[in-house]
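# Summary of the model geometry
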Amino acid sequence: MAVNSGLNLLGSQFVEVGTEAALDINDLVTPSADLAGMTDSYEFQTFLMTWDGANYVTYGYCGEGQGEGLFGDPSWNAKWISVNMDALAIVDISAGTGFWVQTSGDSTVTMMGQVASAESTSVDVTAGLNLISSSYPKAINVQDVVVSSDIPGMTDGYEFQTFLMTWDGANYVTYGYCGEGQGESLFGDPSWNAKWISVNMDGVADATLPAGSGFWVQTTGTGTVTFAK
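Here's what I pulled together on the structure shown here. Predicted, not measured: the structure shown is a model, and the values here were computed from it.

The rules behind the values
Residues numbered from 1 in each chain as written. Predicted model: local features only at pLDDT ≥ 70, side-chain atom pairs only at ≥ 80, totals over all residues. Heavy atoms only, no water. Helix = DSSP H or I, 4+ residues; strand = E, 2+ residues; numbered from the N terminus. Rg over C-alpha atoms; globule rule 2.2 N^0.38 Å. Buried < 20%, exposed > 50% of the residue type's maximum accessible area, 1.4 Å probe, protein only. Contact = heavy atoms within 4.5 Å. Phe/Tyr/Trp six-rings, centres within 6.5 Å; stacked < 30°, edge-to-face > 60°. Pairing = 2+ DSSP bridges. Core = buried A, V, L, I, M, F, W, Y, C linked by side-chain atoms within 4.5 Å. Axes fitted to C-alpha atoms, helices over the stretch in contact; angles between N-to-C directions.

When helices and strands are tallied, the protein shows three helices and 20 strands. Against the compact-globule benchmark of 17 Å for 229 residues, the protein has a radius of gyration of 19 Å, which places it among compact chains. By its C-alpha atoms, the protein is 65 × 35 × 25 Å across when sized along the principal axes. Relative to its 229 residues, the protein shows a buried fraction of 46%. In the protein, the share of contacts with a sequence separation of at least 24, taken over all contacts with a separation of at least 6, comes to 69%.

As structure tokens, this is what we get:
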């Protein structure tokens with residue numbers, strides 16, 4: 001999929017072939033030959049950032065031939081490595097997990113693996129910010145991000161307690177969650193029950209999340225988000 005100069009919010013939508021386990025980042029995300037590697041002065045031009053629930057964990061891209069040319073280790077060629085430049089990155093990325101790729105030029109990366117066999121997959125979300133994606137490699141509507149009944153909707157004072165935030169390459173586009181029964185009780189419209197709506201509260205959200213993209217769910221509660229195959 002395309003990655004543009006700057007920040008790109010992507011997501012893992014594959015599992016390990018044969019085992020369906022989480023994939024290591026170097027097996028999941030394969031950069032194209034023109035993705036910017038390191039400079040001759042050992043500066044990264046491309047980064048991959050995962051989210052641990054509170055902070056980012058960052059890795060850098062060592063380009064084709066640069067493992068051998070810069071570090072004397074051909075096993076580092078075209079690999080994600082630690083930003084301390086002391087080891088290959090070893091981090092499992094489960095299907096349904098989002099991450100960032102930040103790069104200095106336009107290019108592509110290829111996501112590799114097996115599609116999960118289950119007909120649906122649930123991803124845990126906790127209070128605060130959760131960087132997630134669909135668990136399957138297909139475009140989905142924002143309404144296909146189905147939250148569990150214990151994820152809070154709106155307060156009686158019309159304040160959102162749960163948000164979904166997508167990235168358009170420069171800014172976030174934000175939607176709020178109108179809980180079960182709240183479309184009818186708060187807005188007089190049962191079609192809004194258990195739906196993502198505009199933060200202006202003027203309509204049900206209708207937006208496509210492209211295959212391979214990630215997004216944030218921010219909530220005051222704890223529960224799950226479920227994706228259907």
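From this point, the discussion proceeds with the structure in view.
This next bit is on the packing of aromatic side chains. In this description, a pair of aromatic rings is defined by centroid distance and the angle of the planes. Under the definition given, this model contains 14 aromatic pairs. Centre to centre, the rings of Y158 and F187 are 5.6 Å apart; their planes meet at 75°, and the pair counts as edge-to-face. Taken as a pair, Y158 in the loop between β14 (146-147) and β15 (162-167) and F187 in helix α3 (residues 182-187) lie far apart in primary sequence, 29 residues in all. Measuring from centroid to centroid gives 6.4 Å for F215 and F227, while their planes differ by 65°, and the two rings are edge-to-face. Of this pair, F215 sits in strand β19 (residues 214-219) while F227 is found in strand β20 (residues 223-228), placing the two residues twelve residues apart along the sequence. When sorted by exposure, F215 lands in the same class as F227, which is buried.

The strand order across the open sheet formed by three strands is β1-β10-β4, and the pairing between neighbours is antiparallel. Looking at the sheet topology across the chains shown, the edges are occupied by β1 (2-3) and β4 (29-31). Examined bridge by bridge, β1 and strand β10 (residues 107-111) share two bridges and lie antiparallel to one another. Across the sheet, residue A2 finds its bridge partner in β10, namely T108.

Position of G183 among the secondary structure elements: in helix α3. With a relative accessible area of 0%, G183 lands in the buried category. Note: C-alpha distance between G183 and A194 (eleven residues apart in sequence) is 7.4 Å.

Attention now goes to the nonpolar core. Most often, soluble globular proteins keep nonpolar side chains buried together rather than apart. Counting 23 residues, the largest nonpolar core has I132, V145, W196, F215 and F227 as the members making the most contacts within it. Looking at this core, the elements with two or more residues in it are β11 (120-125), β16 (172-178), β19 and β20. Among residues more than four places away in sequence, those in contact with F215 are L9, N130, L131, I132, S133, S134, V145, L164, M165, T166, L209 and F227. Core analysis: the second largest hydrophobic core is formed by 19 residues, L28, Y59, V101 and M111 among them.

Before going further, it helps to spend a moment on the environment of S148. Structurally, S148 is set in the loop between β14 and β15. Through-space distance from the C-alpha of S148 to that of G18 is 29 Å; in sequence the pair is 130 residues apart. Residue contacts for S148: discarding those within four places in its chain leaves G223 and T224.

Each strand in a sheet pairs with its neighbour through backbone hydrogen bonds, running either in the same direction (parallel) or in the opposite one (antiparallel). Pairing is antiparallel across the open sheet formed by five strands, whose spatial order is β2-β9-β5-β6-β7. Among the strands making up the open sheet, the edge pair consists of β2 (6-11) and β7 (79-82). In this sheet, neighbouring strand axes are inclined to one another by 30° on average, regardless of whether the strands run parallel or antiparallel. Where strand β6 (residues 56-62) and β7 come together, four bridges link them in antiparallel fashion. Bridge assignment links C62 to a residue of β7, and that residue is K79.

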